[in-house]
Amino acid sequence: MQGLFYSFKNECHDLVSDDELIGAMRLIYNEVARGSTEYVAGVGWETMVQIAVTASVEGTELERPPFGGGFDGEEYE
(Lines give C-alpha, C1' and ligand atoms only; values in the text may rest on other atoms or scores of the structure.)
Protein backbone atom coordinates (compact mmCIF):
# COMPACT_ATOMS: atom_id res chain seq x y z
CA MET A 1 0.00 0.00 0.00
CA GLN A 2 2.90 2.35 0.67
CA GLY A 3 4.11 1.93 -2.91
CA LEU A 4 0.58 2.54 -4.20
CA PHE A 5 0.35 5.69 -2.11
CA TYR A 6 3.47 7.18 -3.71
CA SER A 7 2.33 6.12 -7.16
CA PHE A 8 -1.05 7.81 -6.71
CA LYS A 9 0.58 10.83 -5.10
CA ASN A 10 2.70 11.32 -8.22
CA GLU A 11 -0.25 10.78 -10.57
CA CYS A 12 -2.60 13.09 -8.65
CA HIS A 13 -0.28 16.08 -9.15
CA ASP A 14 -0.86 17.45 -5.64
CA LEU A 15 -4.60 17.88 -6.25
CA VAL A 16 -5.29 16.23 -2.89
CA SER A 17 -3.55 16.21 0.47
CA ASP A 18 -1.77 13.16 1.82
CA ASP A 19 -4.56 12.64 4.36
CA GLU A 20 -7.25 12.85 1.68
CA LEU A 21 -5.41 10.33 -0.49
CA ILE A 22 -4.90 7.94 2.41
CA GLY A 23 -8.58 8.26 3.30
CA ALA A 24 -9.62 7.47 -0.26
CA MET A 25 -7.29 4.49 -0.46
CA ARG A 26 -8.56 3.22 2.90
CA LEU A 27 -12.19 3.60 1.79
CA ILE A 28 -11.57 1.73 -1.45
CA TYR A 29 -9.47 -0.99 0.22
CA ASN A 30 -11.90 -1.66 3.06
CA GLU A 31 -15.30 -1.03 1.50
CA VAL A 32 -14.98 -1.73 -2.21
CA ALA A 33 -11.93 -3.91 -2.81
CA ARG A 34 -12.44 -5.88 0.40
CA GLY A 35 -8.74 -6.12 1.07
CA SER A 36 -7.45 -6.48 -2.50
CA THR A 37 -4.39 -4.31 -3.09
CA GLU A 38 -4.50 -5.34 -6.75
CA TYR A 39 -7.96 -3.80 -7.05
CA VAL A 40 -6.79 -0.56 -5.44
CA ALA A 41 -3.84 -0.48 -7.85
CA GLY A 42 -6.26 -0.63 -10.78
CA VAL A 43 -8.21 2.47 -9.78
CA GLY A 44 -7.56 5.42 -12.09
CA TRP A 45 -5.99 8.52 -10.60
CA GLU A 46 -8.94 10.68 -11.66
CA THR A 47 -11.30 8.42 -9.73
CA MET A 48 -8.94 8.44 -6.77
CA VAL A 49 -8.95 12.26 -6.74
CA GLN A 50 -12.75 12.37 -6.90
CA ILE A 51 -13.06 9.94 -3.99
CA ALA A 52 -10.38 11.79 -2.02
CA VAL A 53 -12.16 15.12 -2.43
CA THR A 54 -15.67 13.83 -1.70
CA ALA A 55 -14.76 11.04 0.75
CA SER A 56 -17.31 8.91 -1.09
CA VAL A 57 -17.46 6.48 -4.02
CA GLU A 58 -20.86 7.86 -5.06
CA GLY A 59 -20.85 9.02 -8.65
CA THR A 60 -17.84 6.89 -9.59
CA GLU A 61 -17.54 3.50 -11.26
CA LEU A 62 -16.72 2.11 -7.80
CA GLU A 63 -20.16 2.95 -6.45
CA ARG A 64 -21.26 -0.60 -7.12
CA PRO A 65 -18.77 -3.01 -5.49
CA PRO A 66 -17.26 -5.57 -7.88
CA PHE A 67 -17.57 -8.47 -5.46
CA GLY A 68 -21.34 -8.83 -5.40
CA GLY A 69 -22.37 -7.06 -2.22
CA GLY A 70 -23.19 -3.62 -0.95
CA PHE A 71 -21.37 -1.78 1.79
CA ASP A 72 -23.81 -3.11 4.36
CA GLY A 73 -23.57 -6.70 3.16
CA GLU A 74 -26.70 -6.68 1.00
CA GLU A 75 -26.52 -8.48 -2.31
CA TYR A 76 -27.09 -6.65 -5.57
CA GLU A 77 -29.49 -8.18 -8.05
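Rules used in this analysis
- Each chain has its residues counted from 1, following the order in which its sequence is written.
- Under the rules for a predicted model, residues below a pLDDT of 70 receive no local features and side-chain atom pairs below 80 are neither given nor counted, while totals for whole chains, interfaces and linings still include all residues.
- With hydrogens and water set aside, each side-chain value is computed from the structure's full complement of heavy atoms.
- Helix and strand labels come from DSSP, where a helix needs a run of H or I of at least four residues and a strand needs a run of E of at least two; each type is numbered from the N terminus.
- Note on classification: 1.4 Å probe, protein chains only; a residue is buried when its accessible area is under 20% of the maximum for its type, exposed when over 50%, partly exposed between these limits.
- Whether two residues touch is decided by their heavy atoms; if any such pair falls within 4.5 Å, the residues are in contact.
- To qualify as a nonpolar core, a set must consist of buried Ala, Val, Leu, Ile, Met, Phe, Trp, Tyr and Cys residues joined through side-chain atoms within 4.5 Å.

A. Summary view of the environment of A24. Counting through the fold element by element, A24 comes out in helix α2 (residues 18-32). Judged by relative accessible area, A24 falls into the buried class, the value being 2%. A24 sits 23 residues away from T47 along the chain, and the two C-alpha atoms are 9.7 Å apart. Setting aside its immediate chain neighbours within four residues, A24 contacts M48, I51 and A52.

B. Up close: the nonpolar core. In terms of nonpolar packing, the biggest core is built from 19 residues, with F8, L21, M25, I28, V40, M48 and L62 touching the most fellow members. Secondary-structure elements contributing two or more residues to this core are α1 (2-11), α2 and α4 (45-54). Looking at this core, the element that brings in the most residues is α2, giving five residues. Discounting chain neighbours no more than four positions away, the residues touching V40 are L4, F8, I28, Y29, A33 and M48.

In short, shape yes, function no, at least from these values alone.
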